[in-house]
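Residue-level listing of the chains:
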Amino acid sequence: MKKLFFYFVLAIFTFAVSQPAQAQQKPEVIAKQKVAELSQELNLSGEQQRSLFRVYVLKESDYAKKVNGKDLSNPEVAAAKKSIDQTLDKGVKRVLTEEQYAKYTKMKE
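Residues numbered from 1 in each chain as written. Predicted model: local features only at pLDDT ≥ 70, side-chain atom pairs only at ≥ 80, totals over all residues. Heavy atoms only, no water.

1. Quick word on the overall build of the protein
Next up, step 1: Scanning the protein from terminus to terminus reveals 5 helices and 0 strands.
Next up, step 2: Starting at the N terminus, the α and β elements of the protein follow one another as α-α-α-α-α.
Next up, step 3: Out of the 109 residues in the protein, the part that is buried amounts to 27%.
Next up, step 4: Partitioning the contacts of the protein with sequence separation of at least 6, the portion at a separation of at least 24 is 50%.
Next up, step 5: With an accessible surface of roughly 8400 Å², the protein has 58% of that area assigned to carbon and sulfur atoms. (Helix = DSSP H or I, 4+ residues; strand = E, 2+ residues; numbered from the N terminus. Buried < 20%, exposed > 50% of the residue type's maximum accessible area, 1.4 Å probe, protein only. Contact = heavy atoms within 4.5 Å. Areas by Shrake-Rupley, 256 points an atom, 1.4 Å probe, with all protein chains shown as cover.)

Here you go:
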């Protein structure tokens, strides 16, 4: 009976520990989803899609390292988030045409 209880507790613990790891997605997966959404809305070319994918992968990996799960009221974390968002906006603006960028900014609002 003790062994059965031990295995039950071990199974519960293993399940509980594995849940947060499964909930987090890799930056590449998030970037691919975001670029797919933008591609449909903005009619992106193949080169634009590749460029935006690289921009979003960098953004998501930086965001995961510096901001994810941290208190945004902390000035350092808030500054890091703002810097990451500005870098993303510059990258997106560099890749998109003026019309696409105007539509992108409307979508963000």
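2. Focus: the packing of aromatic side chains
Next up, step 1: Counting across every chain of the model gives 1 aromatic pair.
Next up, step 2: One Lys or Arg, Lys59, reaches over the ring of Tyr63 and ends 5.0 Å from the middle of that ring. (Phe/Tyr/Trp six-rings, centres within 6.5 Å; stacked < 30°, edge-to-face > 60°. Lys NZ or Arg CZ within 6 Å of the ring centre and 35° of its normal.)

3. Re the pattern of salt bridges
Next up, step 1: Overall, the coordinates contain 5 salt bridges when judged by the stated rule.
Next up, step 2: Across the pair Glu60 and Lys59 runs a salt bridge whose closest N-O atoms are separated by 3.2 Å. Each member of the pair, Glu60 as well as Lys59, is classed as buried.
Next up, step 3: With a closest N to O distance of 2.9 Å, Asp85 and Lys81 form a salt bridge. Of the two residues, Asp85 and Lys81 both sit in helix 4 (residues 75–95), 4 residues apart, roughly one turn of that helix.
Next up, step 4: Assessed through its relative accessible area of 29%, Asp85 is described here as partly exposed.
Next up, step 5: Overall, the relative accessible area of 26% leaves Lys81 in the partly exposed class.
Next up, step 6: One network of salt bridges, in which partners are shared, links Glu47, Arg50 and Arg54. (Salt bridge = Lys/Arg side-chain N within 4 Å of Asp/Glu carboxyl O.)

4. Focus on the nonpolar core
Side chains of nonpolar character tend, in soluble globular proteins, to be buried together.
Next up, step 1: Membership of the largest hydrophobic core comes to 15 residues, with the highest contact counts inside it found for Leu38, Leu52, Tyr56, Val92, Leu96 and Tyr104.
Next up, step 2: Setting aside residues no more than four positions away along its own chain, Val92 makes contact with Leu52, Val55, Tyr56, Tyr101 and Tyr104. (Core = buried A, V, L, I, M, F, W, Y, C linked by side-chain atoms within 4.5 Å.)

5. Some details on the side chain of Lys59
Next up, step 1: Within the secondary structure layout, Lys59 lies in helix 3 (residues 46–66).
Next up, step 2: Filtering out sequence-adjacent residues up to four positions away, Lys59 remains in contact with Ile84, Asp85 and Leu88.

6. A few points about helix 3
Next up, step 1: Between the first and last C-alpha of helix 3 there are 30 Å, a value that for 21 residues agrees with the 30 Å anticipated at 1.5 Å per step.
Next up, step 2: Burial in helix 3 covers these residues: Gln48, Ser51, Leu52, Val55, Tyr56, Val57, Lys59, Glu60, Ser61 and Tyr63.
Next up, step 3: Buried residues along helix 3 sit in contact with helix 2 (27–42), helix 4 and helix 5 (98–108). (Expected span 1.5 Å × (residues − 1).)

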